[in-house]
Each structure stands twice: as structure tokens, then as C-alpha cells.
Amino acid sequence: MKSAMAQEPGPGAGATAAAVVVAAQSGQTPLPGTVQAGSGELRFLGLAIYQARLWVSPAFEASDYAMHPLALELTYQRGFSAAAIAKRSLQEMQRIGPITAQQAARWQQALQAALPDVQAGDRLVGLYQPGQGATFVLRGRTVGTVADAEFARLFFGIWLSPLTSEPTLRAALLGAHAQVPAPLKVKAQP
């Protein structure tokens, strides 16, 4: 049984899912009005976990990622259960911002209900609309939604927040949108 937060998509989500199917078949963006920012790979102990691609709106600013619609596509290189993905996601979300024990329990359940088990080669797309939550699409169909804006901000922060555990992947995903620190200015000593 899906929790109140993880629910079947409503009418708007269905239209978005249909756009994702068309986009996947034609090689276009998975979210209308966005362009690909960058791509990268997550590896753990030398093993490829997934390939990631990020699509953002033209006005996107990395420092304020949660204010812009975006799509994140993960193409898995190995299989994982929904429970394992949800557990790891919650651990990573806790790096991004504080989460109460009640939120963690609720979000773990919601995420596990919203996500499918994945196999090598599966392409899972997460769609983010500011203030609305997250929608997940696999093989061209919506598989779940978590209708909680704070959840979605922290979830996509796994990849986009400066507090991510994978700063190299973040920079690759953000591409030209990545903020490069200004060079350190050192005054010459007389």
C-alpha cells in the first residue's frame, strides 16, 4: 500500500510522463523547457553504479537549484532494490539538511513506495517542479510521486547541493552552471 505521500500521479503528472516517453523515444529533453546541463558517472570502489544526466531551465542557477524545474536521469549499471535505493537516498539527504526522525521514517516509506527495483540498463528519471515534490518515471511510465516539497529539495540536493558527498559528479552534472571558486588573492609581501 502506498503512503499518502507516495501516490499515483495526478492529471498533470500524466502529461509530464507522456512528455518523458516522447522525449525518450526522440532523444529530446525529458522535461519541456529544459536543456541538458551536464552528465557524469557515479563509481563506488571502482564499480560503475550509474550514469547521470541533468536537464535544467535556461534560467537555472546552481546556488538556488530548488527554485528551478529540472530532470535528473540515472541509467543504472547494476540492479538495486527500491528498499536499498530509499535507504541510501535518506542517508545522503541527511547530509544536505536536518531531517527529523518522523520525517526520515515517513520519507523512507514514501520513497520506497515511489521507486521501483531497478536492473542494469534501467533509466530512471526524477522530475522536480519547485514546491510540488518529485515524480519518478521508468521505461516511459510514471512509477511514483512523493508530493512533499521539502523532501524533493533534499532528494535532488543529493546531486545538486554543495554539501553532496560526490562533488565531482555534481560539477559534471552542472556543467557550465557549476560555480568555480574565485582564485585566492594573495598580497605580495614588500
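All values derive from a computational prediction rather than experimental measurement.

Calculation rules
Residues numbered from 1 in each chain as written. Predicted model: local features only at pLDDT ≥ 70, side-chain atom pairs only at ≥ 80, totals over all residues. Heavy atoms only, no water. Core = buried A, V, L, I, M, F, W, Y, C linked by side-chain atoms within 4.5 Å. Buried < 20%, exposed > 50% of the residue type's maximum accessible area, 1.4 Å probe, protein only. Helix = DSSP H or I, 4+ residues; strand = E, 2+ residues; numbered from the N terminus. Phe/Tyr/Trp six-rings, centres within 6.5 Å; stacked < 30°, edge-to-face > 60°. pLDDT = per-residue confidence, 0-100. Contact = heavy atoms within 4.5 Å.

Thoughts on the nonpolar core
A general tendency of soluble globular proteins is for nonpolar side chains to be buried together.
Stage number 1. Counting 47 residues, the largest nonpolar core has Y50, L54, M93, F136, F151, F155 and W159 as the members making the most contacts within it.
Stage number 2. Here this core gets 8 residues from one element, more than from any other, and that element is helix α4 (residues 149–160).
Stage number 3. Counting 6 residues, the second-largest nonpolar core is a separate cluster that includes L31, W55, A71 and V125.

Here we look at the packing of aromatic side chains
Stage number 1. Counted according to the given criterion, the structure contains 8 aromatic pairs.
Stage number 2. Residues Y50 and Y76 carry aromatic rings whose centres are separated by 5.7 Å and whose planes lie at 70° to one another, so their mutual orientation is edge-to-face. Of this pair, Y50 sits in strand β3 (residues 47–56) while Y76 sits in strand β4 (residues 70–76), and the two are 26 residues apart along the sequence.
Stage number 3. Judged by its relative accessible area of 8%, Y50 falls in the buried class.
Stage number 4. Residue Y76 is classed as buried on the basis of its relative accessible area, which comes to 5%.
Stage number 5. Judged by centre distance (5.3 Å) and plane angle (90°), the rings of F155 and F156 are edge-to-face.
Stage number 6. Assessed through its relative accessible area of 6%, F155 is described here as buried.
Stage number 7. In this structure an aromatic cluster arises from ring pairing among W107, Y128, F136, F151, F155, F156 and W159.

What about the confidence of the model for the chain?
Stage number 1. Counting all residues, the mean pLDDT for the chain is 84, and 78% of those residues have values of 70 or more.
Stage number 2. Here residues 1–26 is modelled with pLDDT under 50, and outside its nearest four sequence neighbours on either side it reaches 38 contacts, counting other chains as well.
Stage number 3. Predicted confidence for residues 180–186 stays below pLDDT 50, and this span has 0 contacts to residues more than four positions away or in other chains.

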